[in-house]
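Overview (structure and organization)
Next come the chains, spelled out residue by residue.
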Amino acid sequence: MTYLVVAHFAAALVAIPVARRLGGKAFLLAAAVPAATALWSLTVLSRSASTTSPGEVHAWIKGLDVDLSFQAGGLSALMAFLIGGIGVLVFLYSYRYFDPAGPEVVRVCSLLLAFAGSMLGLVLADGFFTLFLFWEATSVTSFFLIGTEFKHAAARAAATQALLITGLGGIAMLVGFTIFGASTGIWHLSGVENAGSQTLTGLPAVALVLIATGCLAKSAQLPFGSWLPAAMAAPTPVSAFLHSATMVKAGVYLIARLSPVLGGGPWRALVIGSAGLTMVLAGWRALRQDDLKLLLAHSTVAQLGLLCFLFAMPDRRAWVAGVVLLLAHALSKAGLFMGVGIIDHSLHTRDISRLDRLASEMRGVAAVMSAGFACMAGVPLTLAFAGKERGLENLMEISPPWFYAAIGLMVVASALTAAYSTYALRGAFFTSAKGDVAVLGRRPSLGFVIPAGVLTFAGIAMALFAKAPEMLLGSAVKGATGKANFGIPVLPHVGSALVISLLALACGVGFGYFDRLRHFASKAALPFPLGQRVYEAINVGLIRFADRLAGVVQSGSLPIYVATITIVGMGLIAWYLAAIDIDLGALPLAGSVVELLLVAACGVLAAAMAVQRSRVTAVLLLGGVGYGLAAVFVVLGAPDLALTQVVIETLAVVVFLLVVKDQPAKFGRTRPVGSEVLKIAAAAFAGVVVFVLLAGSEGYRADHFVSAEIVEFSVADAGAQNVVNAILVDFRALDTMGEILVLTIAVIGAATLAGIETRRRGRA
Amino acid sequence: MRSALPYLLWIPFTGTAAALLAFGRFWLQRVIAVVALSACLVLSVLLLLEVRSGGILVSRVGGWPAGVGITLVFDLLSALVLTVALAVLLCVLIFAIVEPGTDDEASAFHPSYLAMATGVVLATITGDLFNFFVAFEIILLASFFLLTFTAGADGIRAGITYVVINVVISALFLIAIALAYYMTGTVSFAQLAGGISALPPNVQEVLWAFLFFILGVKAAIFPLFMWLPDSYPVARSPVTAVFAGLLTKVGVYGIIRMKSVMFPAVSAGKVMVVIAALTMVVGVLGAIAQSDMKRILSFHVVSQVGYMIFGVGIATAAGLAGAIFFMLHQIPVKASLFLVGGVIEEEHRTTSLKKLGGIAHRRPWLSALFILAALSLAGFPPFSGFAAKLALIRAGIDGREFAATAVAAIVSILTLYSMMKIWGGAFWGSPEHENLDETPAEKAELPEHDESEPIDAALNRSVKHLAIAAAGLVGITLAIALVAGPLYELSLRAAEQIMDPKIYAAAVLK
């Protein structure tokens, strides 16, 4: 399995040079890869009636329980078959669809292979994080595929939207997996299945809700549904493959895997509620579309809703119906998309109102599409009919209090499916155009139509020759329900379920057939905003909020930055300081009157400097503060420090004066008063906090200082009479070297800056 | 191998001196810089192998006992951070040499760059609080000049913001060190550990708050980060790359080191987690508001620092390991994104998303580099960011920090959002000016980019070379993903090692 998955990615890389040379023919070569998948999955399906094949595990990040592991159960193999089988047809179809010399061929061919590999990895994955890895990989490849026409803003926006929404679901799922694993110790799907049926509460139940959220986002259920219709900006082969048959089924697939074993909890209610609402609302939206492709997109959302709905039911018989419909939908919808692509190619429009009795001109396409719509709507003698029938029957057998609601929803959803199918088929193929008629360009070649036909007719064929679906679905059903024999009825079983479904079908066809009825239904306004508008509102709101926030935080004013940093930092310290008992009254304010006077003088000088408007005077006052400090050092008994301070201060004043010489004599007064107040407040606050901090530390003086040892060592071992020298050049020589480095860089840097500036002026 | 420890410092130090002596001879300077950093990197890897199973190398400078003299300490945390840092320093240096304009403006580039490397080495291996401060001074001054003399006129203004705030912080740092010395009688980390543990818990908290605030400014946490997005994007891309990749992480390293060695008893977790969450959110929202590639990435530096602080705040070994792993992933990935920005800047003379467009079509391989790094930053599997994000999410869940974990998860989507903004604006799409109605004269002024043939062969060549240099860094991030398993083990071991301050103290004081 690992090799098969890896082979896809290798093929995706190889496809780049190959497709550059061969152009469109590369699609034919590439079809061999999904063909291999399909064959492999058939071998698994044929033998796994007995047991599931052994898993493959590769270690990755052991400490985080991340590995790369695969296992092919029945449902996985079925999905693999769909990926492989539909994949082959999509590649054959792409060969006709794309301009063989077009620039997008290389990209699409390579990305489709990468996508097929990701999707295959997803359905074969056993470890949670393996599943997540490929889950995200499908999102990313889908992003690039939707953005194939990246010069169009709509395609870019759609690609981003899809990636963000599925990404959001993905991250919820990642957190869900982590919580689930961390609280149960289970990190593999097989582990979940082996643990048997269980009802989870507490953290694992939360985890399941998060995982289910990811599934709903991926399968475009409410409230995440908006990305899928937008994703129709992708080329049709991509839509057929990713956005109808495979990728959007990833969420459905995971729900189907978890549902049989993880009972109870809010996650079922979430999925059933969301999916139930989606299948009705999206179906109703499909009824309003004039664009065939968009109609199919909304219909896909609705059908995915039905699948999630069935799989999330607590009864395993509903699960069986779900898996039948899963197969039926994948086949018919991919075929329908291909059909729309052919129409688009030949007439350069997908607008139903511009299509004029196509049935007479494109008989093959009309037949293919009719079969597809019939299969989707669940006309008797199709696979979908059998599946729905079974679903309804099962729902009628379970009887929790809400089952009438569930049946009602399903009936409405089926009626809507029938309605928009009828409408689309009739509008495109059997009625005359309402607007300006689209002219038929080149007739589609047979090779173009065949892949679509294979898919749509398969839905009928499978209902008639029940062996095929039994072989495909048998092991999946056995895995979920324990029973291999489930029987797909070719002929409807007479009962109340049949009556209901026929009634729904008739109602739907009626609504779809009579334009006035359809208009009446579709014009009704929805009382609350849906998908797309919510997404856009969040998008705009987020940007606006971010803008405003950035404007406030990032004012660009250095004084405000310094003030904020000081106030915040000192505030943090003050907060902790408040917890300590400090009796400030007991502290001596100063050692002597002289000391007090000197400090007061420093303070006055500093304050005078701050309000001074003449630059020269300000510099001199600053020097005064420095000399005052030197005097304080003398009083405190540190004459060497005082000497250093005097030297530095003198130098600094001289240099400052030299700089100020070339500048205007006075500071400009441009700043608003508020900023001055802020600065004074910040400085005062910092002063007070640091004072209290230092004064308060009085009681926590250390008993022993290394200075004692330093004095001892300097005479005895370092051989120095001057302790300060010993510290500078011996004990802490590394500090001194570091400071030398600082000074050196300062000199070079300043000189270089001055040089650059001079050169720049010279040039100007 | 113990005796080799000081050479980690002497190699870049002597390199700086040699580069100064070679003033004016660009090629000689380049050779010196590359040789010095390569040698240092090799040594660092060798020492990493030495300590990988939990040993600690200690070197007493001048032979004086800890406290009296300065001690160099090399444990697993130092080893991991330093090795990744040096690898990035080397890659960016090569990029800067290849890029016309970064290092040939001034002979002071290489000495400053090597001095900065010296500072980074010193900061990661010193076992002394005051010496740590000196390391920060070296880094500060070297980076200030690198920022200003590669950035042109804007650089001076941005440099002022950068240097003023950092100097204010340096002054406060000194006060904090004095306070710590007053209360414990020493500035050696190992002795400080003992001295601080003897203080009442309240007093410990005050000291911790002071140091956390100072290092928080260096690391650019909320709300102390404003200097960063205003100064980083102004410099030339290689300089910004190494700043963004490394410098804030030195602050984070300081927070991790001091919290674990000096303040193991202070329970500051809640405060740190709240600050971390705010840092993540405000940083990423700031990024969303920008429309310039380098500015977006600069805000992400802030946002990602939040993740690391989050890991430290969880206060478990797993959380700390997550923070360490996140840092190891973040250093190369952030630098590589800036280097890709640098390649774009070299070709288009701008990183404004409004003026860029269609790069995916013209430079597919460069675009691939960007998307790999961008997805890694957003935490997509199988890239290094995924493992880093997962490590933190896991630690957050195990540590019952659900709210902050949720924030971390949502911020990663917002990160993706802003990465998509860059992708959609610069790599897809077309420059905005093409859509506007402009007079032909105005159009002629804009550089014409024909889709099929680049205008200038020399430019084309240098862009290709730059892309290769950037690819080296992206390669490092991919390699981190590949060895994520063992690397996470090492991070966990490093975390466990520093979680027990006795191990550190015993190794230094014995």
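Source: prediction; values computed, not measured.

Turning to the overall build of chain B, a few remarks are in order. In terms of helices and strands, chain B carries 22 helices and two strands. Counting only C-alpha atoms, chain B reaches 75 × 55 × 40 Å along its principal axes. With 510 residues in all, chain B has 70% of them scored as buried. For chain B, long-range pairs separated by at least 24 residues make up 81% of all intrachain contacts whose partners lie at least 6 apart in sequence.

A few words now on the overall build of chain A. The number of helices and strands found in chain A is 32 helices and four strands. Taking 27 Å as the expected radius of gyration for a compact globule of 764 residues, we find that chain A reaches 38 Å, considerably beyond that expectation. Each of the three principal axes of chain A carries a C-alpha extent, and together these read 110 × 65 × 55 Å. Counting only residues that meet the buried cut, chain A has 54% of its 764 residues in that class. Of the contacts made within chain A by residues no fewer than 6 positions apart, 79% connect residues no fewer than 24 positions apart. For chain A, the exposed surface amounts to about 31800 Å²; the carbon and sulfur share of it is 68%. Seen as two clouds, the 51 positive and the 40 negative side-chain charges of chain A have centres 16 Å apart.

Residue and element names in this part refer to chain B. Mapped onto the fold, valine 81 is located in helix α3 (residues 76-98). Separated by ten residues in the primary sequence, valine 81 and cysteine 91 have C-alpha atoms spaced 16 Å apart. Here valine 81 is in contact with Thr124, Tyr253, Met327 and Leu328, once residues within four sequence places are set aside.

Moving on, we come to the interface of chain B and chain A. Listed as interface residues are 117 residues of chain B and, on the opposing side, 98 residues of chain A. Summed over both sides, the interface of chain B with chain A buries roughly 9400 Å², with 79% coming from carbon and sulfur. Among the residues of chain B in contact with chain A, Trp64, Tyr182 and Trp428 of chain B are the three that bury the most area, contributing 9% of the side total. At the boundary of chain B with chain A, the tally comes to two salt bridges. The salt bridge partner of aspartate 128 of chain B is arginine 732 of chain A, with a shortest N-O separation of 2.5 Å. At the boundary of chain B and chain A, one finds 14 residue pairs in polar contact (both at pLDDT 80 or more). Here the side of chain B that touches chain A is composed, by residue class, of 82 nonpolar, 22 polar and 13 charged.

Residue and element names in this part refer to chain A. A cluster of nonpolar side chains, contributed by Val509, Phe511, Tyr513, Phe514 and Leu517, occupies part of the molecular surface with about 430 Å² of accessible area. With respect to the helices and strands, the residue phenylalanine 514 is situated in the loop between α22 (496-513) and α23 (515-523). Judged by its relative accessible area of 48%, phenylalanine 514 is partly exposed.

Residues and elements named next belong to chain A. Burial of strand β2 (residues 66-70) is extensive: four of the five residues sit out of reach of the surface. Pairing geometry for strand β1 (residues 56-61) and β2, over five bridges, is antiparallel. Each bridged residue has a counterpart across the sheet, and for isoleucine 61 the counterpart in β2 is valine 66. Between β1 and the antiparallel strand that follows it, β2, lie four residues; aspartate 65 among them carries a positive phi value of about 60°.

Before going further, it helps to spend a moment on the environment of phenylalanine 95 of chain B. Residue and element names in this part refer to chain B. Here phenylalanine 95 lies in helix α3. What makes phenylalanine 95 buried here is its relative accessible area of 0%. When the C-alpha positions of phenylalanine 95 and proline 238 are compared, they lie 6.8 Å apart, and in sequence the two are 143 residues distant. Look past the residues within four positions of phenylalanine 95 in its chain and what remains in contact with it is Pro238, Leu339, Gly342, Val343, Leu466, Ala469 and Ala470.

For the rest of this paragraph, the subject is the domain arrangement of chain A. A common way to report how large an interface is uses the accessible area buried once the components associate. Domain assignment breaks chain A into domain 1 (317-522), domain 2 (524-554) and domain 3 (557-701). Taking the mean C-alpha position of each, domain 1 of chain A and domain 3 of chain A sit 82 Å from one another.

Residue and element names in this part refer to chain B. Considering all chains together, one arrives at 14 salt bridges over all chains under this definition. For arginine 257, the salt bridge goes to aspartate 75, with nearest N and O atoms at 2.8 Å. Of the two residues, arginine 257 sits in helix α10 (residues 237-261) while aspartate 75 sits in the loop between β2 (71-74) and α3, which places them 182 residues apart along the sequence. Among the residues examined, arginine 257 registers a relative accessible area of 3% and is labelled buried. Judged by its relative accessible area of 1%, aspartate 75 falls in the buried class. A salt bridge links arginine 363 to glutamate 347; the shortest N-O distance between them is 2.9 Å. Placement of arginine 363 in the loop between α14 (359-362) and α15 (364-377) and of glutamate 347 in helix α13 (residues 317-348) is noted, with a sequence separation of 16 residues between them. When its relative accessible area of 10% is taken as the criterion, glutamate 347 is described as buried.

Geometrically, the link from leucine 222 of chain A to proline 223 of chain A is a cis peptide bond, its omega value of 0° lying close to zero. Along the chain, proline 223 of chain A turns up in the loop between α9 (203-218) and α10 (227-230). With an omega of -5°, the peptide bond between phenylalanine 222 of chain B and proline 223 of chain B qualifies as cis. When you line up the elements, proline 223 of chain B lands in the loop between α8 (201-219) and α9 (227-231). Not every positive phi belongs to a glycine, and arginine 357 of chain A is a case in point at roughly 40°. What makes arginine 357 of chain A partly exposed here is its relative accessible area of 43%. Backbone geometry places arginine 400 of chain B, a non-glycine residue, at a positive phi of 60°.

Attention now moves to helix α14 (residues 292-312) of chain A. Here α14 of chain A is 21 residues long and its end C-alpha atoms lie 30 Å apart, about the 30 Å a rise of 1.5 Å per residue gives. The buried fraction of α14 of chain A is high, at 20 of 21 residues.

Looking now at the packing of aromatic side chains. All told, the structure shown has 48 aromatic pairs over all chains when counted by the stated rule. Ring geometry for phenylalanine 429 of chain A versus phenylalanine 430 of chain A: centroids 6.4 Å apart, planes at 55°, classification tilted. On the basis of an interplanar angle of 15° and a centroid distance of 6.1 Å, the ring pair of tyrosine 162 of chain B and phenylalanine 243 of chain B is categorised as stacked. Of this pair, tyrosine 162 of chain B sits in helix α6 (residues 153-184) while phenylalanine 243 of chain B is found in helix α10, placing the two residues 81 residues apart along the sequence. Residues tyrosine 162 of chain B and phenylalanine 243 of chain B agree in their burial class; the two are buried. An aromatic cluster is defined as three or more aromatic residues linked by ring pairs; in this entry it consists of Phe143, Phe144 and Phe150 of chain A together with Phe370, Trp423, Phe427 and Trp428 of chain B. Its guanidinium or amino end placed over the ring of tryptophan 27 of chain B, arginine 30 of chain B lies 4.5 Å from that ring's centre, counting from NZ or CZ. It is lysine 259 of chain B that lies over the ring of tryptophan 208 of chain B; its NZ or CZ is 5.9 Å from the centre.

Mapping serine 412 of chain B onto the fold places it in helix α17 (residues 402-427). For serine 412 of chain B, a relative accessible area of 4% translates into the label buried. Reaching out from serine 412 of chain B, the side chain makes a polar contact with the side chain of lysine 389 of chain B at a distance of 3.5 Å. Once you skip the residues sitting within four places of it in the chain, serine 412 of chain B turns out to touch Ile171 of chain A together with Tyr307, Ala378 and Lys389 of chain B.

Residues and elements named next belong to chain B. You can see leucine 490 is positioned in helix α21 (residues 484-499). Given a relative accessible area of 16%, leucine 490 falls into the buried group. With 326 residues separating them along the chain, leucine 490 and valine 164 place their C-alpha atoms 38 Å apart.

Let us now look at the confidence of the model for chain A. Taken residue by residue, chain A gives an average pLDDT of 87. The fraction at 70 or more is 94%. When pLDDT is averaged over each helix and strand of chain A, the minimum, 74, is found for α23 of chain A and the maximum, 95, for helix α6 (residues 128-146) of chain A.

Moving on, we get to the packing of helix α4 (residues 109-125) of chain B against helix α5 (residues 129-151) of chain B. Between two packed helices, what matters for the description is the angle formed by their axes and the separation of those axes. All names here are of chain B. Remark: α4 packs on α5, axes separated minimally by 8 Å, with the N-to-C direction vectors making an angle of 150°. Considering the angle they form, α4 stands roughly antiparallel to α5. With respect to the hand of their crossing, α4 and α5 are arranged in left-handed fashion. Counting all contacts with α4, which are made through Phe109, Ser112, Tyr113, Ala115, Met116, Gly119, Val120, Leu122 and Ala123, the residues of α5 involved are Asn131, Phe132, Ala135, Ile138, Ile139, Ala142, Ser143, Leu146, Phe149 and Thr150. Residue composition of the contact of α4 with α5, by class: 14 nonpolar, five polar and no charged.

Calculation notes
Residues numbered from 1 in each chain as written. Chains lettered and ligands numbered in written order. Predicted model: local features only at pLDDT ≥ 70, side-chain atom pairs only at ≥ 80, totals over all residues. Heavy atoms only, no water. Helix = DSSP H or I, 4+ residues; strand = E, 2+ residues; numbered from the N terminus. Buried < 20%, exposed > 50% of the residue type's maximum accessible area, 1.4 Å probe, protein only. Contact = heavy atoms within 4.5 Å. Rg over C-alpha atoms; globule rule 2.2 N^0.38 Å. Areas by Shrake-Rupley, 256 points an atom, 1.4 Å probe, with all protein chains shown as cover. Lys, Arg positive; Asp, Glu negative; His and termini not counted. Charge placed at Lys NZ, Arg CZ, Asp CG, Glu CD. Buried area = accessible area lost by both parts, 1.4 Å probe. Salt bridge = Lys/Arg side-chain N within 4 Å of Asp/Glu carboxyl O. Polar contact = N/O pair within 3.5 Å; in protein donor to acceptor, adjacent residues only side chain to side chain. Nonpolar A, V, L, I, M, F, W, Y, C, P; charged D, E, K, R; others polar. Patch = residues over 30% accessible without salt bridge, like charges linked within 9 Å, V, L, I, M, F, W, Y side chains within 5 Å. Pairing = 2+ DSSP bridges. Domains from an automatic or database assignment. Expected span 1.5 Å × (residues − 1). Phe/Tyr/Trp six-rings, centres within 6.5 Å; stacked < 30°, edge-to-face > 60°. Lys NZ or Arg CZ within 6 Å of the ring centre and 35° of its normal. pLDDT = per-residue confidence, 0-100. Axes fitted to C-alpha atoms, helices over the stretch in contact; angles between N-to-C directions. Parallel < 35°, antiparallel > 145°, perpendicular 65-115°, else oblique. Left-handed = near helix turned anticlockwise from the far one by under 90°.

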